[in-house]
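Fold and geometry: a report
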Amino acid sequence: MHQNRTEQFRQIVENKFQIYNALFMSLPYDKMSNIGMLLPFLYEESKNGYNAGKTPEEIIEEFFKNHTELENEEQKTELLFKIIQYIERQVVLFDSIEDAAFPSMHSAGDKGTVSNMYDHAVQDRKLEEIREKLKDFAVKIVFTAHPTQFYPNSVQRILHDLRKAINTDSITEIDMLLQQLGQTPFVNKERPTPLDEALSIIYYLRYVYYDSIGELFTKIKNIFSDRHFHLREDIIQLGFWPGGDRDGNPYVTAEITRKVSEELRIAILKSYYEHLKSVRRRISFRGVAEALMTLSNDLYAAIFRNKNLTSDEILGNLYEAKEMLVKNNNSLFISLLDDFIDRVKIFGTHFATLDVRQDSRIHQQVIDEVFKFKFNDENASNGDKYSKLISLNEKVDPTHFENIIKGTLENVIQIKDIQAANGHRGMHRYIISNSDAVKDVMNVYAFFKICGYSDEEINIDIVPLFETMEGLASAGEVMRDLYSHPVYQKHLAKRGNQQTIMLGFSDGTKDGGYLKANWEIYKAKETLTSLSEEHDVKVIFFDGRGGPPARGGGKTHDFYASQGNTIANNQIELTIQGQTITSIFGNKEQAQYNFEQLLTAGIENDVFKDSKKNLTEKERELIKELAEISYKKYSDLKAHPMFVPYLQEMSTLEYYGKTNIGSRPSKRGGDSELKFEDLRAIPFVGSWSQLKQNVSGFFGFGFAMNQLKEEGRFNEIKELYQGSDFFKTLVLNSMMSMNKSYFPLTYYIRKHPKFGEFWNILFAEYNLSKDIMLELTGFKLLQEEDPLSRKSVKIREKIVLPLLSIQQYALIKIQKQEGNTDAYKKLVTRSLFGNINASRNSA
C-alpha cells in the first residue's frame, strides 16, 4: 500500500510540480525576470555549502560572486527580495498541486473514514453500538484568529482556482493563474483588523464547510440511519474565535464582537439563499414553488433589510413545502429538500458559535474596579468580592468605567442580544485563559449578575482554560470546589449538568516541554473525568492545539484514537488556525476527510476496545518518570541565561509582530523587556521553526530515554512503545518535529562567542533524541512510517532552503550591524512568509 501511494505521489504531485514549475519559471513577471534561472544555482550553493560547513553569509556572497555581476548592496538586497517573492509563489504552486491530488491519494474506504468504520462494525457485529455512540457524540472544530496564516485573501482565491485548473490539467488556465500569482501582492500593507480576520475565515465557512459538513452529514445519515435511529444534527459543529477572543488583543472590542456575530448570521443566510436557488430550479411545482419563493424573499429581506428571521421560521416554511411535495407531487426531488432542511438544522442562523475569551488576570482587574466602585473596601478577599457582587442584584453602568473595564461589561451586556439574533447556539460560551482558581470562573458569573442578568437569564457555559503546569496541576482541585459551590451547582444544573473544560497544549508545551506537557494534560483529563463522574457532570474536553506537535498538533487522529477509557470521550473539540485551516481543512475533500478522521477516532475509541489504549500501572510509572526527567532537562534549558537572548538575537522572534498577518500583538503585556511568561506560544514555537531547530517538539525527550538506557532499562521503553498507543503517538509526533529540523543551517553559531555553548546544547539533544528514537522504533529514517508526509516535507524543504539562507544572511548582517540594517530587517520579516507556509504546520 505504501509503495503504491508513494508511486502515485511521484506521478501526480512530484512530476506535475516539475512540469508546472518549469512553466512558472519561463513566464514573464514584472521585476522577477531571470529569477527562475538563478534560483537553482542558489539552491545548489546552499545545499553544497551547508554540507561543507559554510556559513549562510559565505553561501550568499559566493552566489553573488559566481552567478551575478551585481556590484552594490542595494542591487544585491533587491535581488534577494525578488528571490523571496519567487519562492513564496513556488510554495503556493506546490500547495495547489498537492491539494488537488488529495482525492486521488485517499479513497472512501481508507482507515479512519466513515465507510471503513461501518465495514468494521458489520464485521465485528458492533453496528448497534456505533449507532448508540453516534446519539451522544460530536466533533467540534473551533477556528481561531491566531496569526499563522500568511496568505492574503486574494492569494487564497488564486489557490482555490489553481487547484481546480490543476485537477483538469488546463494548461491555458494554469498559465494565466500563474501569471496572476506572479503579480499579486503577498503582503498586507496594513495589519488586518479582527473583523478582517473574521471575514477571511467566514470565506471558508461559506465556500468549503457549508458543503463539506452538509455532505458528510448526509453520508453518515445514509450509512447508519434506519427506522429506529436518527442522526443528531449537531454531530459536526463549528466554533469561531475571531472577533470574540479578547485575550491579549486590545483591538477586539464589544463593537467588533457584535459586528462579527452579524457577519456570521448574514453569511449563513447568503448560503441558504444560494442553496435555495438550486432547490427551486428542480422543485417548480404549483404550491411548493410559491412556498419556496416566499422563503427566498424572507431570506433576501433578512440579508439586505435586516429583517429578523429565525431558524425555526425557515424550517417551518420548508416543512410546509415538504408536506405539499409529498401530498401533491409524489415526493419528487424530496432528497433536495431534505438536504436543505438538514443544513438549516446544522447551521441555524449562526453558522459557527462565536466564543468570548479573556485572560483571568484582566477579569480580576474588572472585579477589583467594580467592587471598589460599589463598596469602597480595599481589604476584601477575592472570594468576598465575587460573592458580594453576585448577591448585589443591581445593574452596574459600564459608562462609570474606562477602557478594558468598560469594554468587558459592555460585551457581557450584549450577549443576550447576540443570542436573540443568532440563536442560543450563536454565542453560549465564555472562556477564561490562565485559569487556576475557583475565583476565575465565579468572577465571570459575577459579571453577568452586575450586568443585569437574573440567574435564569445566564444562558452561558463558563469554560476554564488550564494551560500552565500550575494550572494543570490545580485543575482537579478547582473543579471539585466549583462542582460543590452552591451558586455554580445551580448554574450547572440549568446548563444540563454539562461542563466544558479547555486544556492548553501550546502554552503547556512552552512551559513544561513536550513530554511533560502531554503527560500532565493526559493526567489532568483523567482526574477531571473521574471527578466529573463523581458529581454526575458530563465533561467535555476542549483542546487548545496548534499545527505542530510542539503546540499539540501533528497526528491528531492518532492522538485521539490512542486515549483510553479513563478519559471522558463525549466530544472531540479542538482549535485549528492559520495554515492548519488551509492545509488540513482548506478544500471540501480535505475538510470532509479530516472531519471523518476525528469523528471515527472518537467513536472507535469507545466501541472497539483495545488494550493498548489503557495504560497499565507499570506504563504510567514509566511515562511519569520519563516526563519528570525531560521536564528537568527542559527547565534547565529555560533557566539558561542565554535562552531568551538567543531567541531575541539569533531568531526571527522580534519580527513576528511586523508581518501584518494578525491583529494580535506577539506578546502579552506592554513592557519593552521580553519576559518568557509574556511570550505567546505561536511566535515562540514559530521562531524555533524558522531556525529549523524545533526545540519545543523534542527537547528533553531523548535525554530522558537515554538516562534510562544508561541504567540498563531500554527494554522497558521498548515495551512501552509497543504496548501503548499514547506513548507511540508522542514518539512519532516528536520524530515529525525533528524531521522538519535542519541544524546545518545554523552550524555557524556553534563557534559564536556568546551563543556557541547554548547552540551546542540544542544540537547535542537533537542528535541524542534522533538516535535513540530511531533505535526505539527500528526505523532507518525519521517519519519512515509515513512516506507521503516525508516526501512532501522533503520537497518543501528543498523549495525553501534558498529562502532560509537569505533569512540567516540578513540576520547575520543585522547582528554585525553591517550595511543597510533597515533593508536587512525587511528581508528577515519578508522571509517568514514563505517558510511558514511551506512548513504548513510550523506554528
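This section reports on the structure supplied with the text. None of the values given here were measured: they were computed from a predicted structure.

A short note on the nonpolar core
- Judged by nonpolar contacts, the single largest core of 195 residues is most densely connected at Tyr 209, Phe 240 and Phe 727.
- If you tally residues by element for this core, the top one is helix α10 (residues 194-224), at 15 residues.
- If we skip the residues at most four places from it in the chain, Phe 240 touches Val 142, Phe 143, Ala 198, Ile 201, Ile 202, Leu 205, Val 260, Leu 264, Ala 352, Thr 353, Leu 354 and Asp 355.
- Judged by nonpolar contacts, the second largest core, of 63 residues, contains Ile 84, Val 155, Ile 158 and Ala 838.

Things to note about the packing of helix α15 (residues 360-375) against helix α16 (residues 382-390)
- Relative orientation of the contacting elements α15 and α16 amounts to 65°, with a least axis distance of 10 Å. Judged by the inter-axis angle, α15 sits roughly perpendicular to α16. Judged by the sense of rotation from one axis to the other, the crossing of α15 with α16 is left-handed. Taking contact as the criterion, the partners of Gln 364, Ile 367, Asp 368, Val 370, Phe 371 and Phe 375 in α15 are, on α16, Asn 382, Asp 384, Lys 385, Lys 388 and Leu 389.
- Classifying every residue of the contact of α15 with α16 by side-chain character gives five nonpolar, two polar and four charged.

Quick look at the sheet that holds strand β2 (residues 236-240)
- Strand order in this open sheet of nine strands is β3-β2-β1-β9-β8-β7-β6-β5-β4, and the pairing throughout is parallel. Pairing within the sheet leaves two strands with one partner each, and these edge strands are β3 (353-354) and β4 (356-359).
- As paired elements, strand β1 (residues 138-143) and β2 share five bridges and run parallel to each other. Each bridged residue has a counterpart across the sheet, and for Val 139 the counterpart in β2 is Ile 236.
- Of the strands in this sheet, β5 (429-433) and β6 (461-466) are in contact with helix α18 (residues 438-450), which crosses β5 at around 140°.

Quick word on the pairing of β2
- The buried count for β2 comes to five of five residues, which makes it a mostly enclosed element.
- Judged by which residues are buried, β2 turns out to be covered on both faces: Ile 236, Leu 238 and Phe 240 on one side and Gln 237 and Gly 239 on the other are all buried.
- As defined by bridge partners, β2 adjoins β3 across two bridges and the pair is classed as parallel. Across the sheet, the residue bridging to Phe 240 is Leu 354, located in β3.

Description of the packing of helix α22 (residues 514-534) against helix α31 (residues 725-739)
- α31 packs onto α22 with a crossing angle of 150° between their chain directions and a minimal axis gap of 11 Å. Between α22 and α31 lies a crossing whose hand is right-handed. Counting all contacts with α22, which are made through Tyr 514, Leu 515, Asn 518, Trp 519 and Tyr 522, the residues of α31 involved are Phe 726, Thr 729, Leu 730, Asn 733 and Ser 734.
- In terms of residue class, the contact of α22 with α31 is built from six nonpolar, four polar and no charged.

Thresholds applied
Residues numbered from 1 in each chain as written. Predicted model: local features only at pLDDT ≥ 70, side-chain atom pairs only at ≥ 80, totals over all residues. Heavy atoms only, no water. Core = buried A, V, L, I, M, F, W, Y, C linked by side-chain atoms within 4.5 Å. Buried < 20%, exposed > 50% of the residue type's maximum accessible area, 1.4 Å probe, protein only. Helix = DSSP H or I, 4+ residues; strand = E, 2+ residues; numbered from the N terminus. Contact = heavy atoms within 4.5 Å. Axes fitted to C-alpha atoms, helices over the stretch in contact; angles between N-to-C directions. Parallel < 35°, antiparallel > 145°, perpendicular 65-115°, else oblique. Left-handed = near helix turned anticlockwise from the far one by under 90°. Nonpolar A, V, L, I, M, F, W, Y, C, P; charged D, E, K, R; others polar. Pairing = 2+ DSSP bridges.

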